[in-house]
Amino acid sequence: MQYTANKPFSAVLIIQDNGIRYRFQEDHIFKDIRFAQVTAIKLRPEYSFFNQFILIPISILSYSAILYLDGYSNIIMLNLLLWGVWGGISLFQKQNYIVEVHKGPLVAEVFITRNKKEAKQIKKEIESRR
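Quick caveat: nothing in here was measured; it's all calculated off a predicted structure.

A short note on the confidence of the model for the protein chain
1) Next: On average, the protein chain scores 79 in pLDDT, and the residues at 70 or more come to 89%.
2) Next: Here strand 1 (residues 2-4) stands out as the least confident element of the protein chain, with mean pLDDT 58; helix 2 (residues 74-92) is the most confident, with 86.

Dropping the structure here:
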């Protein structure tokens, strides 16, 4: 299986029978990871759940309450507007998914894709050959 990321990531990831071969945009040489070296594979979204669904709504509600209880203030209105815009942007932002391939206790190679299905397929392919 060969996976080629589109811009802005520009990485090439080839899963072979004996290991993973990859090259990032800034590198001109392919690097190899043997399946025996892989200790863990993690899949996670780039943006945290905490920011999008907990921090932003709580901030908007708290600034609205402060505005209601304290009265009109330019700084509070500006903060409320800022959190509202940030919340709106985060809802419509395209989610990137990160596949981390750990080949030791501290070393990890990171591959990014915009498609969750493709990220799960990469993880499944690596785990099946490990």
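A closer look at the packing of aromatic side chains
1) Next: Applying the stated rule across the entire model yields one aromatic pair.
2) Next: Ring geometry for Trp 83 and Trp 86: centres 5.0 Å apart, planes at 50°, overall tilted. One end of the pair is Trp 83 and the other is Trp 86, both in helix 2 and three residues apart, which spans about a single turn.
3) Next: Residue class for Trp 86 comes out partly exposed when judged on its relative accessible area of 38%.

Looking at the sheet that holds strand 6 (residues 97-102)
1) Next: Spatially, the three strands line up as an open sheet ordered 5-6-7, and their pairing is antiparallel. Two strands lie at the open edges of the sheet, namely strand 5 (40-45) and strand 7 (108-113), each paired on one side alone. Between one strand axis and the next, the sheet turns through 20° on average, direction left out of account.
2) Next: With six bridges joining them, strand 6 and strand 7 adopt antiparallel strand pairing.

Section: a nonpolar patch on the surface
1) Next: A cluster of nonpolar side chains, namely Phe 49, Phe 50, Phe 53, Ile 54, Ile 58, Leu 91 and Phe 92, defines an oily patch on the protein surface of about 810 Å² accessible area.
2) Next: A per-element tally of the nonpolar patch places helix 1 (residues 49-70) first, with five residues.
3) Next: Mapped onto the elements, Phe 92 comes out in helix 2.
4) Next: Relative accessible area serves as the criterion here: at 76%, Phe 92 is assigned to the exposed category.

Structural notes on the pattern of salt bridges
1) Next: Inspection of every chain in the model, using the stated rule, returns two salt bridges.
2) Next: With a closest N to O distance of 3.6 Å, Asp 32 and Arg 21 form a salt bridge. Here Arg 21 lies in strand 3 (residues 19-23) and Asp 32 lies in strand 4 (residues 31-34), a separation of eleven residues in the sequence.
3) Next: Judged by relative accessible area, which is 42%, Asp 32 ranks as partly exposed.
4) Next: Its relative accessible area of 32% is what places Arg 21 among the partly exposed residues.
5) Next: Residue Arg 44 is joined to Glu 100 by a salt bridge in which the shortest nitrogen-to-oxygen separation is 2.9 Å. Taken as a pair, Arg 44 in strand 5 and Glu 100 in strand 6 lie far apart in primary sequence, 56 residues in all.
6) Next: Residue Glu 100 is classed as buried on the basis of its relative accessible area, which comes to 11%.

Examining the nonpolar core
1) Next: With 17 residues, the main nonpolar core has Ile 20, Val 101 and Ile 126 as its most contacted residues.
2) Next: Those elements that provide at least two residues to this core are strand 2 (12-15), strand 3, strand 6 and helix 3 (116-129).

What about the packing of helix 1 against helix 2?
For any two helices packed against each other, the geometry comes down to the angle between their axes and how far apart the axes lie.
1) Next: With their axes 9 Å apart at the nearest point, helix 1 and helix 2 run at an angle of 155° to one another. Here helix 1 is positioned roughly antiparallel relative to helix 2, judged by the angle of their axes. Where helix 1 crosses over helix 2, the two elements pack in a sense that is left-handed. Taking contact as the criterion, the partners of Gln 52, Leu 55, Ile 56, Ser 59, Ile 60, Tyr 63, Ser 64, Ile 66 and Leu 67 in helix 1 are, on helix 2, Ile 76, Met 77, Asn 79, Leu 80, Trp 83, Gly 84, Trp 86, Gly 87 and Ser 90.
2) Next: Its residues placed into classes, the contact of helix 1 with helix 2 shows eleven nonpolar, seven polar and no charged.

Cut-offs and rules
Residues numbered from 1 in each chain as written. Predicted model: local features only at pLDDT ≥ 70, side-chain atom pairs only at ≥ 80, totals over all residues. Heavy atoms only, no water. pLDDT = per-residue confidence, 0-100. Helix = DSSP H or I, 4+ residues; strand = E, 2+ residues; numbered from the N terminus. Phe/Tyr/Trp six-rings, centres within 6.5 Å; stacked < 30°, edge-to-face > 60°. Buried < 20%, exposed > 50% of the residue type's maximum accessible area, 1.4 Å probe, protein only. Pairing = 2+ DSSP bridges. Axes fitted to C-alpha atoms, helices over the stretch in contact; angles between N-to-C directions. Patch = residues over 30% accessible without salt bridge, like charges linked within 9 Å, V, L, I, M, F, W, Y side chains within 5 Å. Areas by Shrake-Rupley, 256 points an atom, 1.4 Å probe, with all protein chains shown as cover. Salt bridge = Lys/Arg side-chain N within 4 Å of Asp/Glu carboxyl O. Core = buried A, V, L, I, M, F, W, Y, C linked by side-chain atoms within 4.5 Å. Parallel < 35°, antiparallel > 145°, perpendicular 65-115°, else oblique. Left-handed = near helix turned anticlockwise from the far one by under 90°. Contact = heavy atoms within 4.5 Å. Nonpolar A, V, L, I, M, F, W, Y, C, P; charged D, E, K, R; others polar.

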